[in-house]
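Here is how the chains run, residue by residue.
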Amino acid sequence: MGVQIGFVGTRFAGTDGVSLESAKWAQVLWDHRHVSHWYSGKSDRDPSVSMVVPHAFFDHPDIQWINRRAFGTRTRTPDVTRRIYTLADYLKGTLYEFTRRYNLDLLIVQNALCIPMNIPLGVALTNFIAETGFPTIAHHHDFYWERDRFSVSAVTDMLWMAFPPALPQIQNVTINSFAQEDLSHRRGVSSVLVPNVLDFETPPPEADEYASHFRHDIGLAEDDILFLQPTRVVPRKGIEHAIALVAALRDDRCKLVISHASGDEGNEYLQVLKDLAEQAGVDLRLVDEQVGDKRGYSAEGNRIYTLADAYSQADFITYPSIYEGFGNALLEAFYYRKPLLVNRYSIYVADIEPKGAKVISMDGYLTKEVVAKVERIIRDKAFRDEMVDFNYEIGRAFFSYGVLRRKLRALVTNFTGQDNL
């Protein structure tokens, strides 16, 4: 007997971490006949099982109006309070409708009860769960106390109330051990640790003829060495270290390719990177217009590739992030059997490094030893193959759908009393 599940979030669309991980959860649940439905402000999910409520999206003008007045200041005017509660009341009504429309048994809230991108939605969810006792799993990817921009706030009362709420009907899920400890210390709330995962039980297909054009289409020669930085261009990704690495290799065949655009934090950092690359003599290429959600052709008739295509053609992955909530690109490198450089960010040190993965790691700065190891990996195929095959097995053991299936089985069983996952 399947369970009717409702996923709730501000956005289920595109390739952000929350959208991707929620799709994986839905797939694992679907494999066991549980049916998923979607509630969000923006959606690319099947319309027949989705409810789109524009005010649930964090970019809605009314939500943006609230956010501008809620953060960066210590007090708020009465109209801000009124607007938040009026919208929260409206959204709560839509949540009642959502659970009735699809006859839901369980809600899975994706990030909407931990990061206050949409304060009315968090308040609405908290009141809805408090009023109905609705069985809820709250999947927390980022907490507001991890982000500087939320540190000065005029809505501290609401943050304590709803981000996340301490309600007995909610089972909390965190994605790393630091977040788990923080939630316990700050809120007295326990949580289950569920890491981000990939389908390691199903290896990636061999690169096909379409993917084989990627290097040529971005202007690389046959014998060029492709260093892929598979992230957005934002300062916390530490991309200057990737430039320094390629510069230190002193090999004109080495090209640094960034797969994603600058995103929502402006282009200043990108310009800094371009200047650094030029000074260091590094061939830096931004290919965000050639990499998309799915294959196809641009308006100019150029091929568009997936991130999987880019991984399949890469020789080495650079991942020198300063901070990550988990580190999906790390798992992707394991999955696509690519060697990688990792800057030892805190979550990696706590949750991934102890598993024994074989990566080239740096501690905030590049050393000669790190450069020498990268040179050896490029040169020595047997050494490289042993490393990437070992990492694939680490992924299969600790970060696979099988791991997620076991965790979700326990969470769902806690509510249903039936071990049907």
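These numbers were taken from a predicted model, which means no experiment stands behind them. (Residues numbered from 1 in each chain as written. Predicted model: local features only at pLDDT ≥ 70, side-chain atom pairs only at ≥ 80, totals over all residues. Heavy atoms only, no water.)

Asks: Explain the sheet that holds strand β5 (residues 50–52) to me, please; I cannot follow it from the model alone.
Replies: Within a sheet, each strand pairs with its neighbour through backbone hydrogen bonds, oriented either parallel or antiparallel. Across the sheet, which stays open at both edges, the 7 strands sit in the order β5-β3-β1-β6-β7-β8-β9 with parallel pairing between neighbours. Edge positions in the sheet fall to β5 and β9 (191–193), since each has one partner strand and no second. Across the sheet, the mean angle separating the axes of adjacent strands is 20° when strand polarity is ignored. Taken together, the 4 bridges between strand β6 (residues 106–110) and strand β7 (residues 136–140) define a ladder with parallel strand orientation. Following the sheet pairing, Q110 is matched in β7 by H139. Here helix α3 (residues 78–101) sits on the sheet in contact with β1 (4–8), β3 (35–40), β5 and β6, set at roughly 160° to β3. (Pairing = 2+ DSSP bridges. Helix = DSSP H or I, 4+ residues; strand = E, 2+ residues; numbered from the N terminus. Axes fitted to C-alpha atoms, helices over the stretch in contact; angles between N-to-C directions. Contact = heavy atoms within 4.5 Å.)

Asks: Got a minute to help me understand the nonpolar core in this structure?
Replies: The nonpolar side chains of a soluble globular protein tend to be buried, and buried together. V8, Y39, F98, I119, L125 and V155 are the most contacted members of the largest nonpolar core, which has 47 residues in total. At the level of elements, α2 (61–70), α3, β6, α4 (119–132), α5 (156–162) and α6 (177–187) are the ones that each hand at least two residues to this core. In this view, Y39 contacts F7, V8, G9, F12, M51, V53, A56, L91, T94, L95, F98 and L121; residues no more than four positions away in its chain are not counted. (Core = buried A, V, L, I, M, F, W, Y, C linked by side-chain atoms within 4.5 Å. Buried < 20%, exposed > 50% of the residue type's maximum accessible area, 1.4 Å probe, protein only.)

Asks: Sorry if this is basic, but what is going on with the side chain of S22 here?
Replies: Relative to the helices and strands, S22 resides in helix α1 (residues 17–30). Residue classification places S22 among the buried residues on the basis of a relative accessible area of 0%. A distance of 2.9 Å separates a polar side-chain atom of S22 from the backbone oxygen of V18. Sequence-distant contacts of S22, that is, excluding residues within four places in its chain, are made with F7, F12, W38, R45 and Q110. (Polar contact = N/O pair within 3.5 Å; in protein donor to acceptor, adjacent residues only side chain to side chain.)

Asks: What is the right way to read the pattern of salt bridges from this model?
Replies: As a working rule, side chains carrying opposite charge can pair if their charged atoms are close by. Here the structure, examined in full by the defined rule, presents 23 salt bridges. Among the ionic contacts, a cluster of salt bridges with common partners joins D89, K92 and E131. (Salt bridge = Lys/Arg side-chain N within 4 Å of Asp/Glu carboxyl O.)

Asks: Quick question: what am I supposed to make of α2 here?
Replies: For the α-helix, the turn length of 3.6 residues means that residues three or four positions removed from each other point alike. Buried within α2 we find I63, W65, I66, N67 and A70. Contact partners of the buried residues in α2: α3 and α4.

Asks: Please explain unusual backbone geometry as it appears in this structure.
Replies: In terms of backbone geometry, most residues other than glycine have negative phi values and most peptide bonds are trans. Looking along the chain, the bond that leaves F163 and enters P164 is cis, with omega of -5°. If you trace the backbone, P164 turns up in the loop between α5 and β8 (170–174). Residues other than glycine seldom take positive phi values, yet N103 does so here, at roughly 50°. As for its position among the elements, N103 is in the loop between α3 and β6. Relative accessible area serves as the criterion here: at 59%, N103 is assigned to the exposed category.

Asks: What is the right way to read the UniProt feature "domain: Glycosyl transferase family" (unreviewed entry) in the protein from this model?
Replies: Under the local residue numbering, the UniProt record ascribes the feature "domain: Glycosyl transferase family" (unreviewed entry) to residues 307–389. With 52% helix and 13% strand, residues 307–389 has its two end C-alpha atoms placed 20 Å apart. (UniProt positions renumbered as here; feature names shortened; annotations may be inferred.)

Asks: I tried to follow the domain arrangement of the protein on my own but got confused; where do I start?
Replies: It is common to give the size of an interface as the accessible area that goes away when the parts come together. For the protein, the domain assignment lists domain 1 (4–197 + 401–416) and domain 2 (209–398). Just the C-alpha atoms count here: the centres of domain 1 and domain 2 sit 31 Å apart. If you look at the interface, domain 1 gives 12 residues, while domain 2 gives 12 residues. On the domain 1 side of the contact with domain 2, N176, F178 and N196 bury the most area, a combined 37% of that side's loss. The tally of links between domain 1 and domain 2 comes to 0 salt bridges. The interface formed by domain 1 and domain 2 contains 4 residue pairs in polar contact (both at pLDDT 80 or more). Tallied by class, the residues present in the side of domain 1 that touches domain 2 amount to 5 nonpolar, 5 polar and 2 charged. (Domains from an automatic or database assignment. Buried area = accessible area lost by both parts, 1.4 Å probe. Nonpolar A, V, L, I, M, F, W, Y, C, P; charged D, E, K, R; others polar.)

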